[in-house]
Amino acid sequence: MNYLQYYPVDIINGEGTRCTLFVSGCTHACKGCYNQKSWSFSAGVEFDSVMEEHIIKDLKDTRIKRQGLTLSGGDPMHPNNIETLLPLVQRIKRECPDKDIWVWTGYQIDELDEKQRQMLPYIDVIIDGKFEQEKADPALIWRGSANQKVYRISKDNPQIDFIQLF
Ligand code: SF4
């Protein structure tokens, strides 16, 4: 998996102060996409163990306390990206259990296949759905268009229970 950008301190993409990783690769081709250069899976640079250690170190940093990690893109839930991101989110929940994980995806929750759903037990909040330009509204919180939904995923049953926040 490649990534385009990493922000070690971010207050825009989710609740609180966070680390945010913009991964490469997306096949949704939404009209009006804010980040078309992220569509290519070969854009950016390879996500390697050095970058993984960097994220873990930032999440454990006690000087600038982060609430968690945001994964955006591109599409972190694209099947090509799961192989890299699943071990990452598992490690974060193991080593930084007090940190939350937010994910933006162009898939709707009910479209996720078995491979993609492996991510759900480790995700706290997921914003789903393609960006639809005709439903775009800059006043929306944490989403670009009104069709997208913000869900908190229940830890009791992460495969089924999605609590819609917005
Ligand atoms: S899902 Fe996101 S990154 Fe992918 S095309 Fe749509 S707006 Fe762009």
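Procedures and definitions
- Residues numbered from 1 in each chain as written.
- Predicted model: local features only at pLDDT ≥ 70, side-chain atom pairs only at ≥ 80, totals over all residues.
- Helix = DSSP H or I, 4+ residues; strand = E, 2+ residues; numbered from the N terminus.
- Near = placed C-beta within 6 Å.
- Nonpolar A, V, L, I, M, F, W, Y, C, P; charged D, E, K, R; others polar.
- Core = buried A, V, L, I, M, F, W, Y, C linked by C-beta atoms within 7 Å.
- Buried ≥ 20, exposed ≤ 12 C-beta atoms within 10 Å, placed from the backbone.
- Contact = placed C-beta atoms within 7 Å.
- Pairing = 2+ DSSP bridges.
- Right-handed = clockwise from strand over helix to strand, strands pointing away.

1. A few points about unusual backbone geometry
Move 1: Note that the residue after Gly73, namely Gly74, is joined by a cis bond; omega there is 15°.
Move 2: With respect to the helices and strands, the residue Gly74 is situated in the loop between strand S4 (68–72) and helix H2 (79–95).
Move 3: The backbone of Ala29 shows a phi angle near 50°, a positive value even though the residue is not glycine.
Move 4: Here Ala29 lies in the loop between strand S2 (18–23) and strand S3 (45–46).
Move 5: In this model, Trp142 sits at a positive phi of 60°, which is unusual for a non-glycine residue.
Move 6: Here Trp142 shows up in the loop between strand S6 (125–128) and strand S7 (149–153).

2. Re the site of the ligand
Move 1: Taken together, 13 residues lie around the ligand, and Cys26, Cys30, Cys33, Gly106 and Phe131 are the ones closest in.
Move 2: Tallied by class, the residues present in the shell around the ligand amount to five nonpolar, six polar and two charged.

3. Looking at the nonpolar core
Move 1: Ranked by size, the top nonpolar core spans 29 residues in total, and within it Leu21, Leu69, Val89, Ile101, Val103, Met119 and Ile123 carry the most contacts.
Move 2: Sorting the residues of this core by element identifies S2, helix H1 (49–60), S4, H2, strand S5 (100–104), S6 and S7 as the ones contributing at least two each.
Move 3: If we ignore the near neighbours within four places in the chain, the residues touching Met119 are Met77, Ile82, Leu85, Leu86 and Val89.

4. Re the pairing of S5
Move 1: Within S5, five of the five residues are buried, which leaves the element mostly enclosed by the surrounding structure.
Move 2: Across the two faces of S5 the burial is the same, with Asp100, Trp102 and Trp104 and Ile101 and Val103 all buried.
Move 3: Here four bridges tie S4 to S5, and the two strands are oriented parallel to one another. Looking at the pairing, Gly68 lines up with Asp100 of S5.
Move 4: Remark: the S4/H2/S5 crossover connection has right-handed handedness.
Move 5: One ladder, built from three bridges, connects S5 with S6; its direction is parallel.

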